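# Reading the structure
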Amino acid sequence: TQSTWGGKNILEFVMQEVTEVCRQVAEGRVMHANLWQSGISEEQIELLSQSISNSRCRLTYLDLGANAIKNKGVELLTTALMTPYCSITCLNLTKNLIGDGAAKHLGDVMSSNRTITSLLIADNRIGEYGCHPLSDALATNPILRTLNLEGNEIANGGAIHLANALSTNTALSEINISRNDISDQGAHALGQSLQKNRSLTSLDLSGNKIGDSGMQSLAVGIGQNFTLSTLIVAGNRIGNEGAAVLAESIKHNRSLKQIDLSKNGIENDGAKTLEDAIKVNQVLMSLNLAGNLISPMRVRQINRLVSTNSLPAQRQWFVYCLGDLVLMV
């Protein structure tokens, strides 16, 4: 049986609601449009694109996540996003069916659009080939601040393209490329880009396949970087050697405030090198070592060091894990 609400078929009701949103966008009455999982059709995407292209449009936030949008839908959006009337600053296309072909269209948008500061395209089907045009556009884009590519398929090839872009980009502050099958080769390229980049403040590489060698390359980059404040490498394959080289960088780095090393293969020896580094650093405010093979005593010793951070007028905290118990101090 068909579900109904207020005497109407639910699917029909949702489609009518989407069409109404498009009308209000065109009239300049909507600044935030949340169409997450709305079932928007290609015909409605075309209507929405026409609305965005209207000179009266004031839309700044557009959420089209979880709608099974494919290449054609993105192509329809592209025309509107490249018009001089586009006012969108945040575009969310998370959890769709965007592949490499659609990624090329998004690259075209990034090359010409001068309003979008946040592009969220996590959990799609973008691979190395799709990452290439995105990276080419990112290299010279002067306005994008946040790029979320989590849960795609860019692998090492895509990471290398992005690293090349980050070497010249001067605007991006946050990038999330977690869960992308990136290993040491990709991490090596990203480490080299960190030596040159002067805008990035947050790098999320969690859930990849980075080992000690990749961490060594990242650590070298961190040692010469002065802007990165958050590094997330949880759920990789970083062991004692990786922890040791990172510790050496921490001794000299004065920008990193938060590091997440949870769920790696770090043991007491690796934790000891981190402990010695924190004694010198006195800037790090958060170090997550949950899910490693570190004794509770070692964790407490590191916790005390971080919690007595000498930076004045700042709340210092540390996250650690004993079994399944997570404590925040």
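Summary of the structure given here. (Residues numbered from 1 in each chain as written. Predicted model: local features only at pLDDT ≥ 70, side-chain atom pairs only at ≥ 80, totals over all residues. Heavy atoms only, no water.)

### Describing unusual backbone geometry
Peptide bonds are, in most cases, trans, and in most cases residues other than glycine have a negative phi. The phi torsion at aspartate 123 lies on the positive side, around 55°, for a residue other than glycine. Here aspartate 123 shows up in the loop between β6 (118-120) and α5 (128-140). By relative accessible area, aspartate 123 is classed as partly exposed at 23%. (Helix = DSSP H or I, 4+ residues; strand = E, 2+ residues; numbered from the N terminus. Buried < 20%, exposed > 50% of the residue type's maximum accessible area, 1.4 Å probe, protein only.)

### What about helix α4 (residues 100-112)?
With 13 residues, α4 extends 19 Å from end C-alpha to end C-alpha; this agrees with the ideal 18 Å at 1.5 Å per step. Residues of α4 that are buried make contact with α3 (71-81), β6 and α5. (Expected span 1.5 Å × (residues − 1). Contact = heavy atoms within 4.5 Å.)

### A look at the side chain of glutamate 275
With respect to the helices, strands and loops of the structure, glutamate 275 is situated in helix α10 (residues 268-281). The exposure class of glutamate 275 is buried, given its relative accessible area of 7%. The residues contacting glutamate 275, other than those within four sequence positions of it, are Arg298, Gln301, Ile302 and Leu305.

### Some remarks on the environment of leucine 144
Examined against the element boundaries, leucine 144 turns out to sit in the loop between α5 and β7 (146-148). For the pair leucine 144 and asparagine 169, spaced 25 residues apart in the sequence, the C-alpha separation amounts to 9.7 Å. Excluding anything up to four places from it in sequence, leucine 144 contacts Met110, Ile116, Thr117, Ser118, Leu119, Leu138, Ala171 and Leu172.

### Topic: the pattern of salt bridges
By the definition in use, this model includes twelve salt bridges. In this structure, lysine 209 and aspartate 181 form a salt bridge, with 2.8 Å as the shortest nitrogen-oxygen distance. Here lysine 209, found in the loop between β9 (202-204) and α8 (212-223), pairs with aspartate 181, found in the loop between β8 (174-176) and α7 (184-194); they are 28 residues apart in sequence, far enough to count as distant. Take lysine 209: its relative accessible area is 37%, and that puts it in the partly exposed class. Among the residues examined, aspartate 181 registers a relative accessible area of 41% and is labelled partly exposed. Here aspartate 276 makes a salt bridge to lysine 272, at a shortest N to O gap of 2.9 Å. Of this pair, aspartate 276 and lysine 272 both sit in helix α10, four residues apart, roughly one helical turn. (Salt bridge = Lys/Arg side-chain N within 4 Å of Asp/Glu carboxyl O.)

### A closer look at the side chain of asparagine 197
Looking at where asparagine 197 falls in the secondary structure, it is placed in the loop between α7 and β9. Asparagine 197 gets classed as buried once you look at its relative accessible area, which sits at 1%. A polar contact of 2.9 Å, which involves the side chain of asparagine 197, links it to the backbone oxygen of leucine 166. Among the polar contacts made by the side chain of asparagine 197, one reaches the main-chain amide nitrogen of leucine 200 at a distance of 2.7 Å. (Polar contact = N/O pair within 3.5 Å; in protein donor to acceptor, adjacent residues only side chain to side chain.)

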